[in-house]
Amino acid sequence: MIEPHGGRLVNRLVTGQKAAELEAGALALPVIQLSPFEVSDLEMLAIGAFSPLEGFMGRADYTRVINDKRLANGLPWTLPVTLALNKEKAESLKNASHVALADDTGTLLAILEIQDIFHYDREAESVAVFRTANSDHPGARYVASRGDWIISGPVEVFRRPNAEEFSKYRLGPADTRRIFAERGWNAVVGFQTRNPVHRAHEYIQKAALEIVDGLLLHPIGGETKSDDINLEVRLRCYEVLLENYYPRDRALLALNPASMRYAGPREAIFHALIRKNFGCTHFIVGRDHAGVGNYYGPYDSQKIFSEFGKDELGITPLFFEHTFYCRECSGMASQKTCGHDKQSRVMLSGTQVRNTLRDGGQLPPEFTRPEVAAVLHQAFSQQVQQEAAC
Ligand SMILES: [Zn+2]
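Thresholds applied
Residues numbered from 1 in each chain as written. Predicted model: local features only at pLDDT ≥ 70, side-chain atom pairs only at ≥ 80, totals over all residues. Heavy atoms only, no water. Axes fitted to C-alpha atoms, helices over the stretch in contact; angles between N-to-C directions. Helix = DSSP H or I, 4+ residues; strand = E, 2+ residues; numbered from the N terminus. Parallel < 35°, antiparallel > 145°, perpendicular 65-115°, else oblique. Left-handed = near helix turned anticlockwise from the far one by under 90°. Contact = heavy atoms within 4.5 Å. Nonpolar A, V, L, I, M, F, W, Y, C, P; charged D, E, K, R; others polar. Donors = N, O, S within 2.8 Å, 3.2 Å for Na, K, Ca; no water. Tetrahedral: all angles 85-135°; square planar, octahedral: opposite > 155°, others 65-115°. Buried < 20%, exposed > 50% of the residue type's maximum accessible area, 1.4 Å probe, protein only. Core = buried A, V, L, I, M, F, W, Y, C linked by side-chain atoms within 4.5 Å. 1 Å grid on protein atoms, 1.4 Å probe; cavity = no way out; pocket = protein on both sides within 12 Å on 5 of 7 lines; lining within 4 Å. Points joined across faces, edges and corners; volume = space filled by probe spheres on them. Arc of directions from axis to C-beta. Polar contact = N/O pair within 3.5 Å; in protein donor to acceptor, adjacent residues only side chain to side chain. Pairing = 2+ DSSP bridges.

K.L.:
Quick rundown of the packing of helix α5 (residues 122-130) against helix α6 (residues 138-145)? Include the residues and the values.
P.N.:
Their axes nearest at 9 Å, the elements α5 and α6 cross at an angle of 160°. Taken together, the axis directions place α5 and α6 in an arrangement best described as roughly antiparallel. Of the two elements, α5 crosses α6, and the hand of that crossing is right-handed. Contacts between α5 and α6 involve Arg122, Glu125, Ser126 and Phe130 on the former and, on the latter, Gly139, Ala140, Val143 and Ala144. Classifying every residue of the contact of α5 with α6 by side-chain character gives 4 nonpolar, 2 polar and 2 charged.

K.L.:
Mind laying out the coordination of the zinc ion, listing which residues take part and the relevant values?
P.N.:
Coordination of the zinc ion by the protein is provided by Cys326 (SG), Cys329 (SG), Cys338 (SG) and His340 (ND1), with metal-donor distances spanning 2.1 to 2.3 Å. Here the zinc ion is ringed by 4 donor atoms whose angles at the metal span 102 to 119°, and the overall shape comes out tetrahedral. Motif for the zinc ion, donor spacing along one chain: C-x2-C-x8-C-x1-H. For His340, a relative accessible area of 32% puts it in the partly exposed group.

K.L.:
Account for the nonpolar core, naming residues and giving values.
P.N.:
Judged by nonpolar contacts, the single largest core of 73 residues is most densely connected at Trp77 and Leu101. Excluding anything up to four places from it in sequence, Trp77 contacts His5, Phe50, Ser51, Pro52, Leu53, Met57, Val65, Lys69, Arg70, Leu71, Phe270 and Leu273.

K.L.:
So what's going on with the layout of surface pockets? Which residues, and what values?
P.N.:
A probe matching the size of a water molecule, rolled over the atoms, marks out where space remains unfilled. Estimates place the volume of the largest pocket at around 1400 Å³. Forming the boundary of the largest pocket are 47 residues, of which Asn195, His201, Arg287, His322 and Gly350 lie nearest the centre. Take the lining of the largest pocket: its biggest share by element is 5 residues, from helix α13 (residues 350-358). Its residues placed into classes, the lining of the largest pocket shows 20 nonpolar, 17 polar and 10 charged. Taken as a whole, the second largest pocket spans an internal volume of roughly 400 Å³.

K.L.:
Run through helix α7 (residues 173-183), naming residues and quoting values.
P.N.:
Buried within α7 we find Pro173, Thr176, Arg177, Ile179 and Phe180. Projected onto a plane normal to the axis of α7, the buried residues spread over an arc of 165° and lie on a single side. The inward-facing, buried residues of α7 abut α2 (36-47), β8 (188-193), β9 (214-219), β10 (251-253) and α10 (265-277). Remark: Gly184 follows α7 within two positions and exhibits a positive phi of approximately 70°.

K.L.:
For the packing of α13 against helix α14 (residues 370-389), give the residues involved together with the corresponding values.
P.N.:
Two numbers describe how α13 lies on α14: the axes approach to 9 Å, and their chain directions differ by 65°. Judged by the angle between their axes, α13 and α14 are roughly perpendicular. Crossing geometry of α13 relative to α14 is assigned as right-handed. Where α13 abuts α14, its residues Arg354, Leu357 and Arg358 lie against Leu376, His377, Phe380, Gln383, Val384 and Glu387. In the contact of α13 with α14, the residues fall into 4 nonpolar, 2 polar and 3 charged.

K.L.:
For the side chain of Asp41, give the residues involved together with the corresponding values.
P.N.:
You can see Asp41 is positioned in helix α2. Within the structure, Asp41 has its side chain in polar contact with the side chain of Arg261 (distance 2.9 Å). Here Asp41 is in contact with Phe50, Phe56, Val81 and Arg261, once residues within four sequence places are set aside.

K.L.:
Tell me what's going on with the pairing of strand β7 (residues 149-157), and back it up with residues and numbers.
P.N.:
Most of β7 sits inside the fold, with 7 of its 9 residues counted as buried. In this sheet, β7 lies alongside strand β2 (residues 55-56) in antiparallel orientation, the contact comprising 2 bridges. Bridged to Phe56 within β7 is Gly153. With 3 bridges joining them, strand β3 (residues 83-85) and β7 adopt antiparallel strand pairing. Looking at the pairing, Ala84 lines up with Ile150 of β7.

K.L.:
Please provide a residue-by-residue account of the environment of Asp300, values included.
P.N.:
Tracing the backbone shows Asp300 in helix α11 (residues 300-303). On the basis of relative accessibility, which here comes to 16%, the residue Asp300 falls in the buried class. Separated by 11 residues in sequence, Asp300 and His289 place their C-alpha atoms 8.5 Å apart. Setting aside residues no more than four positions away along its own chain, Asp300 makes contact with Arg131 and Pro265. There is a polar contact of 2.8 Å between the side chain of Asp300 and the backbone nitrogen of Gly297.

Structure below.
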């Protein structure tokens, strides 16, 4: 089994009597209310998906991640995992040693042992991470909306966030590693997605599956852009796809509770390291992975892997082109495997897919499996009806 990043799988989730004691102690502490994005980071920390991180980043890690794409100890790490505060809140905690963390409904989740509280430059962070501080970029917009102080330290999580939502798919790294071992999967490829799986993605997954033992289909379970398709609908799409088109013992569907940053190349590395913690040996990186708009070049998310030594990443990236159905080839292909012209290729953009569904049209079977199209069709017609009723 592949080692977690940094060599040890972190577990910051406390259960049983200890959890009850921590929660009782938390009632006496000052409270920070987390955004849903921060709650998903807390969940990632709790289950060890962000190993070797044991809490929200301190100054040394934060600064080196921004400047060098590494933690202070030199391990590759490309995105900040931070808890932000406004100035008033930061000042109010100056003399505190511990603080309770709550979700946006006020439910207490964890205790953070305060190591440091420091000021940071939100704009500089966005430019380093997203190459822009423009508010058109969803990641930069989120950073700009946060406070400009950071509080850092290890966390102990006594209540797993969102535990009841889609609990069947809420598998942590310890769970997926156990399942891989039980199934005898030595080599496992991880597939990141925040969209329904269309045939192009299915083709890439299956091409990868030809050379490994198993597939971890690992959709984003945290926050995504408001125009991305919601998690419940996406999960139904994955279920009907796996049921009808994949061998049962070769694919595992689980949630990656992380939120999307839309940080392109930096997020491609981040996504790969997370999947390494979940036990994957390989990771699929498509064109414009984790991209948005035109902020990154189409191959930047693949090129960034050459900035790191193979051994220090540990997980092997598998690079893919855009793929499509070609009528001349009578099958799925990419520009690496098909020399026919554009007219022979069935390709739809995300916007075209959404517009087709909103207008009640059918997605072509060359593009989307009919079972998946039916789920999407139903979800969109419900949405249109709801909007009409408002
Ligand atoms: Zn062709």
